[in-house]
Amino acid sequence: GGPYEALTRVPLLVHDRRATYPARSIASQLDVAPTLLAGIGMPTPAAFMGFPLQQRAVRAGVTIASRDTTGLVAEVAGRAYKYIAHADGREELFA
């Protein structure tokens, strides 16, 4: 299947009484390792592309991909959009 809701909305529960987590409209699986590192007081290596969830981060969008599709999930003017390009040339835009 393609990158639809069940694949793009992966729940992550973090329980850390010491930290606050600002609201984010878009996060990525790339943020998991930096979040865990920040939780134990370690810096995020420069090579990492994610941001700790404990820090406010403005991210325009995240790319998504599966075997036959690529796409982008982004927020524009406070509204979430999902663009998907299929290998067969079809394109979809969800708001």
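See above for the structure.
Residues numbered from 1 in each chain as written. Predicted model: local features only at pLDDT ≥ 70, side-chain atom pairs only at ≥ 80, totals over all residues. Heavy atoms only, no water.

Q: Could you clarify how one ought to interpret the sheet that holds strand β2 (residues 69-76) in this entry?
A: Through backbone hydrogen bonds, the strands of a sheet pair up, either in parallel or in antiparallel fashion. Strand order across the open sheet formed by four strands is β1-β2-β3-β4, with antiparallel pairing between neighbours. A single partner strand is all that each edge strand has here, and the edge strands are β1 (61-65) and β4 (91-94). Strand-to-strand, the axes of this sheet are offset by a mean angle of 15 degrees, without reference to chain direction. Relative to β4, strand β3 (residues 79-86) is paired through four bridges, and the arrangement is antiparallel. Residue pairing across strands places Y83 opposite L93, the latter belonging to β4. (Pairing = 2+ DSSP bridges. Helix = DSSP H or I, 4+ residues; strand = E, 2+ residues; numbered from the N terminus. Axes fitted to C-alpha atoms, helices over the stretch in contact; angles between N-to-C directions.)

Q: Which parts of the structure should I look at to understand helix α2 (residues 32-39)?
A: Every α-helical turn comprises 3.6 residues, leaving residues that sit three or four positions apart pointing alike. Within α2 the residues assigned to the buried category are P34, T35 and G39. Take α2 and look down its axis: the buried residues cluster within an arc of 140 degrees, on one side only. (Buried < 20%, exposed > 50% of the residue type's maximum accessible area, 1.4 Å probe, protein only. Arc of directions from axis to C-beta.)

Q: Please clarify how the side chain of D16 should be interpreted in this entry.
A: Along the chain, the position of D16 falls in the loop between α1 (5-8) and α2. When its relative accessible area of 16% is taken as the criterion, D16 is described as buried. A distance of 3.0 Å separates a polar atom in the side chain of D16 from the backbone nitrogen of R18. (Polar contact = N/O pair within 3.5 Å; in protein donor to acceptor, adjacent residues only side chain to side chain.)

Q: Please explain a nonpolar patch on the surface as it appears in this structure.
A: A cluster of nonpolar side chains, contributed by L12, V14 and Y21, occupies part of the molecular surface with about 240 Å² of accessible area. A relative accessible area of 46% places L12 in the partly exposed class. (Patch = residues over 30% accessible without salt bridge, like charges linked within 9 Å, V, L, I, M, F, W, Y side chains within 5 Å. Areas by Shrake-Rupley, 256 points an atom, 1.4 Å probe, with all protein chains shown as cover. Salt bridge = Lys/Arg side-chain N within 4 Å of Asp/Glu carboxyl O.)

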